[in-house]
Amino acid sequence: MWIGGALADEIPRDQRRSGYETMRPETRAMQDSDADNPATLWVLDGEALWNKREGAAGKSCADCHAGAAPMKAVAARFPRFDAARATPVDLEQQINICRRDRQNAPPLAAESHDLLALEAFVAKQSRGDTIEPNREPGAKESIEAGRKLFNERRGQLNLSCAQCHDDNWGKSLGGANIPQGHPNGYPLYRLEWQSLGSMGRRLRNCLSGMRAELWPRDAREYVDIEMYLMSRAAGLKMESPAVRP
Amino acid sequence: MNFAAICVTLGLAVAAWPARADGLAPYEIVGDAIPAPLAGALGDAARGRAIVLDRQTGLCLLCHSGPFPEARFQGGLAPDLGGTGSRWSESQLRLRIVDARRLNPDTIMPPYYVVDGLTGVAKSYVGKPILGAAEIEDVVAFLATLKDKSK
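What this report covers is the structure whose coordinates are included nearby. Think of each chain on its own: its residues are numbered from 1, step by step along the sequence as written. Each chain gets a letter, beginning with A, and each ligand a number, beginning with 1, in the order they are written. Totals for whole chains, interfaces and linings use every residue, but because this is a predicted model, local features are given only for residues with pLDDT of at least 70 and side-chain atom pairs only at 80 or more, for both listing and counting. Side-chain measures here rest on the full set of heavy atoms in the structure, leaving out hydrogens and waters.

1. Observations concerning the packing of aromatic side chains
Residues and elements named next belong to chain A. Filter applied, for reference: Two rings from Phe, Tyr or Trp (for Trp, the six-membered ring) form a pair when their centres are within 6.5 Å of each other. A pair whose planes differ by under 30 degrees is stacked, one over 60 is edge-to-face, and the rest are tilted. Comment: elements are numbered from the N terminus, with helices defined as DSSP H or I runs of at least four residues and strands as E runs of at least two. Only protein chains enter the calculation, and the probe is 1.4 Å; a residue is then buried if its accessible area is under 20% of its type maximum, exposed if over 50%, and partly exposed in between.
On inspection of all chains with the given rule, the structure shows 5 aromatic pairs over all chains. Their ring planes at 55° and their centres at 5.6 Å tell us that Trp 50 and Phe 121 sit as a pair that is tilted. Of this pair, Trp 50 sits in helix 2 (residues 40–50) while Phe 121 sits in helix 5 (residues 113–124), and the two are 71 residues apart along the sequence. With a relative accessible area of 4%, Trp 50 lands in the buried category. The exposure class of Phe 121 is buried, given its relative accessible area of 6%. Aromatic pair Trp 215 and Tyr 222: ring centres 5.4 Å apart, planes at 85°, arrangement edge-to-face. Here the two residues Trp 215 and Tyr 222 agree in accessibility, since each one is buried.

2. Brief notes about the interface of chain A and chain B
The condition that has to hold: The contact rule is simple, with two residues in contact once any of their heavy atoms fall within 4.5 Å. Computed with a 1.4 Å rolling probe, the buried area is the accessible surface lost when two parts are put together, summed over both parts. Under the convention adopted here, Pro, Cys and the residues Ala, Val, Leu, Ile, Met, Phe, Trp and Tyr are nonpolar, Asp, Glu, Lys and Arg are charged, and Gly plus all remaining residues are polar.
If you look at the interface, chain A gives 22 residues, while chain B gives 28 residues. Counting each side, the surface lost to burial between chain A and chain B is near 2100 Å², with a carbon and sulfur contribution of 55%. A per-residue breakdown of the area chain A buries against chain B is headed by Gln156(A), Arg211(A) and Glu213(A), which together make up 32% of the total. Split by residue class, the side of chain A that touches chain B holds 8 nonpolar, 8 polar and 6 charged.

3. As for the pattern of salt bridges
Keep this limit in mind: Any carboxyl oxygen of Asp or Glu within 4 Å of a side-chain nitrogen of Lys or Arg constitutes a salt bridge here.
A full pass over the atoms with the stated rule returns 26 salt bridges over all chains. One salt bridge connects Asp101(A) with Arg85(A), and the closest N-O pair in it is separated by 3.8 Å. Remark: Arg85(A) occurs in the loop between strand 1 (80–82) and strand 2 (87–89) and Asp101(A) occurs in helix 4 (residues 91–103); sequence separation between them is 16 residues. The partly exposed category is assigned to Asp101(A), whose relative accessible area is 42%. Where Arg47(B) meets Asp138(B), a salt bridge forms, and the shortest distance between an N and an O atom there is 3.0 Å. With Arg47(B) in helix 2 (residues 45–53) and Asp138(B) in helix 6 (residues 133–143), this residue pair connects regions lying 91 residues apart in the sequence. Under the relative-accessibility criterion, Asp138(B) is labelled buried at 5%. Via salt bridges that share partners, Arg80(A), Asp82(A), Arg85(A), Arg100(A) and Asp101(A) belong to a single interconnected network.

4. Section: the nonpolar core
We apply this condition: In plain words, nonpolar cores are sets of buried Ala, Val, Leu, Ile, Met, Phe, Trp, Tyr and Cys residues tied together by side-chain atoms within 4.5 Å.
Counting 59 residues, the largest nonpolar core has Val52(B), Phe68(B), Tyr113(B), Ile136(B) and Leu143(B) as the members making the most contacts within it. Among all residues touching Ile136(B), those that are not within four sequence positions of it are Leu38(B), Ile97(B), Val98(B), Tyr112(B), Tyr113(B) and Leu131(B). Counting residues in hydrophobic clusters, the runner-up holds 32 residues, among them Ala62(A), Ala123(A), Tyr189(A) and Val243(A).

5. Some words on unusual backbone geometry
In this structure, the amide linkage connecting Tyr186(A) to the following residue, Pro187(A), adopts the cis form with an omega of -5°. Tracing the backbone shows Pro187(A) in the loop between strand 4 (176–177) and strand 5 (188–190). Here the bond from Ser240(A) into Pro241(A) is cis, since omega is -10°, no more than 30 degrees from zero. One can find Pro241(A) in the loop between helix 9 (220–232) and strand 7 (243–244). The phi dihedral of Gln194(A) falls on the positive side, at around 55°, and the residue is not glycine. Tracing the sequence through the fold places Gln194(A) in the loop between strand 5 and strand 6 (195–197). Given the relative accessible area of 58%, Gln194(A) is considered exposed. Despite not being glycine, Ala39(B) has its phi angle at roughly 60°, a positive value.

Right, here's the structure in full:
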C-alpha cells in the first residue's frame, strides 16, 4: 500500500515485453527495414560525424575507437556508472565527455540533430544485443534512486510512472496503448513527434502530462530513471533506433 | 464598530465557514460522501458533460470510457461511466471526484479538489485544483444523469 510507503509490484520477469510487440504490423515493418525506418537518416549522419575530425585535438571518434566495431553492445550497457565522479552517465553525456576530454570540442546541445545522430549510430551497433543488469560499483545506488522516482507520485494529477507502466500496461490511455515503458529502442523515431528523440524527451513528455515540474535538462534524475529502466528491462533485446507510435 | 458592522460597511460577506488556508471552499465528509454542494450551489449537467468530454479540462476520458458516441478515443483503465448515476448518489460522486484517496489510498484517480500535499507540481498549476468548485458541481450533476449502463 502506498500509505505504508511500500512500492507497487513490478512486472514479473516472464511478462516483460518490448513495446515493439504491441505495435501495429505496419509500424513494426517500418522499424525492421532500414530503408523504411526514418531513423536511418540520423544513423547515416551519425556515421559521417563518427568519422569526422573534430575540435582542437583534430581527432574523430573512429580514431580512438578503431572504427565502429568496438561499439557493439555498448548501448546495451549504458548508462554506465562513473565511480570517479560518483554519477551515472548516459550515452549522450558520454559522447559529450569524449568531445571535451578527447577531441577538445564544444559539447553538442541536448536533443540537437548531431547529438541524436551520433547516439543513433552508436546505439545501432547494439541492435539485437541483450540488456544485462549493470553490476558496476555504485550503479545500485543510482538504480534504487531511479526506482524510487519511478514509484513516486508527482504533479497536479498525482500519478507515478509505475501506476501506468507497471500496473496498467496494455490498457488504453485516451485511446493509446500503454506500453511497459522499456528503454530498449532509444534514441527512437516516434510517429507522434515526426522526429527522432531521446529517452529524456520521452520522460519530459510524461512529466508534462502529469502536470509535474520538469527537472533541468542535465539533471541526474533522468539518468537515474534510465538506469532503473535498463535494470528493469534486463533480458530484452536492443532495438535502437526503434520506431514507436 | 464591531467586526460585522465593519464588514457591512466595506461590503464584505461574512462566510459561514471558516476560510481555508489553501483557498479552496471548505467541505464536510460524512461517511463516504460530501453531502453539501461545494461553494453552496448545485451544478449544471450540460456544462458538466462538456467538462467530462474535454481532454484539457476534465481529463476524464483519458482513463474512463462512457456513453459518448462522439468521443472517438476513450480510456480503458477505470470503470465505464455508463450507469454512474445509478451506482452512486451525488454526495458520493462529489467525494470521489474531490479526493478519491479518502476511500482508497492506492487509487489512480487524481484528487480533483486538492492543492496541498502533492509532489513536484508544475509551476503553472501550483495552488490550483484540477477543477474548481463550480466545475466539480457541474460534473456531479452530469454524472448523476448517467442512469443507464448501456451505451
